[in-house]
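Listed below, chain by chain, are the residues.
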Amino acid sequence: MNHAVHIIVFAKAPVAGLAKTRLIPALGATGAARLAALTLKHAVEQALVSEVGTVEVCVTPAPEDPLWSGLLPQHPALRMSGQGHGDLGERMARAAQRALDAGHSVLLMGTDCPELSAERIREAVASLLISDAALVPAFDGGYVLMALNRFDASLFQDIAWSTSSVAQVTRSRMGQLGWSATTLSTLHDIDEPDDLRWLPEAWLPAGEEQPK
């Protein structure tokens, strides 16, 4: 394992009509954006509270966009960067390689999983003591976190993002590389209306009830 861990949280600005669009039928554009802001705040806070290393929020649009004003906590261990061009795989690969080239282990995570706590982040980092990589799968077939001691572009290329095959294909490619990989407990992403049942009730807009 490298001597330092760098967490990179991938985030999109919680703009009404553009954020959490699959939840708009259930929550409306404003409600979906509000939820996106809550999950973003939660993800960044848990990354900071984990105290495993420095935290970077890699964002779109770029950090200087006024949309980001006041959205993230002020913390000495936190910095922002822009995701840049390319599909999700290209953007993640570029960020991961940058951190690893700087001598860090890297932990990539999104903002869609309220169950991804500081404790679970620490668990993933601890897995890097015995493995080349660690993965926290999502019940929808994706993953909510990937931690790496090594880089290989195949983990990010030709992946059908936002489909049920993402975690399986990623694990398969780690195996093809001959890497040791730890798969941790599967968690729930909040992407579709049915996923709202996994939210703390206080996170839902007033008047909304969780699906039964």
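Scroll up for the structure.
As a starting point, this report considers the structure included with it. The structure displayed is predicted, hence computed values, not measured ones. (Residues numbered from 1 in each chain as written. Predicted model: local features only at pLDDT ≥ 70, side-chain atom pairs only at ≥ 80, totals over all residues. Heavy atoms only, no water.)

Another point: the pattern of salt bridges. Applying the stated rule across the entire model yields eight salt bridges. Here Glu192 and Arg22 are joined by a salt bridge, their closest N and O atoms 3.1 Å apart. Taken together, the residues Glu192 in the segment after β7 (181-183) and Arg22 in the loop between β1 (4-12) and α1 (24-50) connect sequence positions 170 residues apart. Look at Glu192 and you get partly exposed, because its relative accessible area is 33%. By sharing partners, the salt bridges in this structure join Lys20, Arg22, Asp112, Asp191 and Glu192 into a single network. (Salt bridge = Lys/Arg side-chain N within 4 Å of Asp/Glu carboxyl O. Helix = DSSP H or I, 4+ residues; strand = E, 2+ residues; numbered from the N terminus. Buried < 20%, exposed > 50% of the residue type's maximum accessible area, 1.4 Å probe, protein only.)

Before going further, it helps to examine the environment of Ala16. Within the fold, Ala16 resides in the loop between β1 and α1. Expressed as a C-alpha distance, the spacing of Ala16 and Arg34, which sit 18 residues apart in the sequence, is 8.0 Å. Other than its neighbours up to four places away in sequence, Ala16 contacts Ala29, Thr30 and Ala33. (Contact = heavy atoms within 4.5 Å.)

This brings us to unusual backbone geometry. Across the junction of Thr60 and Pro61, the peptide omega takes the value 0 degrees, indicating a cis bond. Looking at the element boundaries, Pro61 is found in the loop between β2 (53-60) and β3 (78-82). Unusually for a residue other than glycine, Lys20 sits at a positive phi of about 50 degrees. As for its position among the elements, Lys20 is in the loop between β1 and α1.

Right, let's get into the sheet that holds β2. Ordered by their spatial adjacency, seven strands build an open sheet running β3-β2-β1-β4-β6-β5-β7, and the pairing between neighbours is mixed. Two strands in the sheet have a free side with no partner beyond their single neighbour: β3 and β7. Sheet twist, expressed as the average angle between the axes of neighbouring strands with direction ignored, equals 20 degrees. Sheet analysis places strand β5 (residues 133-137) next to β7, joined by three bridges and oriented parallel. (Pairing = 2+ DSSP bridges. Axes fitted to C-alpha atoms, helices over the stretch in contact; angles between N-to-C directions.)

Structurally, Lys12 is set in strand β1. Between the C-alpha atoms of Lys12 and Leu40, which are 28 residues apart in sequence, the distance is 8.6 Å. Excluding anything up to four places from it in sequence, Lys12 contacts Leu18, Ala19, Thr60 and Trp68.

With six of its six residues buried, strand β6 (residues 143-148) lies for the most part within the structure. Summarising the sheet, β5 and β6 pair through five bridges and their orientation is antiparallel. Bridging across to β6, Ala133 finds its partner in Leu148. A loop of five residues connects β5 with β6, the two strands running antiparallel in sequence, and Gly141 in this loop sits at a positive phi of about 100 degrees.

Turning our attention to the side chain of His6. The topology assignment puts His6 in strand β1. In terms of polar contacts, His6 uses its side chain to reach the side chain of Glu56, at 2.7 Å. Those residues in contact with His6, other than ones at most four positions away along the chain, are Thr54, Val55, Glu56, Arg79, Ala99, His104, Ser105, Val106 and Leu107. (Polar contact = N/O pair within 3.5 Å; in protein donor to acceptor, adjacent residues only side chain to side chain.)

All right, on to the packing of α1 against helix α3 (residues 118-127) then. Axis separation between α1 and α3 bottoms out at 8 Å; the angle between their running directions is 55 degrees. By the angle between their axes, α1 is oblique relative to α3. Where α1 crosses over α3, the two elements pack in a sense that is right-handed. In contact with Gln46, Ala47, Val49 and Ser50 of α1, α3 contributes Ala118, Ile121 and Arg122. Looking at side-chain class alone, the contact of α1 with α3 contains four nonpolar, two polar and one charged residues. (Parallel < 35°, antiparallel > 145°, perpendicular 65-115°, else oblique. Left-handed = near helix turned anticlockwise from the far one by under 90°. Nonpolar A, V, L, I, M, F, W, Y, C, P; charged D, E, K, R; others polar.)

Let us now look at the nonpolar core. What tends to happen in soluble globular proteins is that the nonpolar side chains get buried as a cluster. Counting 32 residues, the largest nonpolar core has Leu107, Met109 and Leu145 as its most contacted members. Counting residues per element, the ones that place at least two in this core are β1, α1, β2, β4 (104-109), α3, β5 and β6. Examining the composition of this core, we find that five residues originate from one element, α1, more than from any other. Apart from residues lying up to four places away in sequence, Leu145 is in contact with Leu107, Leu108, Met109, Leu116, Ile121, Ala124, Ala134, Leu135 and Val136. Formed by 24 residues, the second largest nonpolar core is a distinct cluster that contains Cys58, Ala133, Met146 and Leu148. (Core = buried A, V, L, I, M, F, W, Y, C linked by side-chain atoms within 4.5 Å.)

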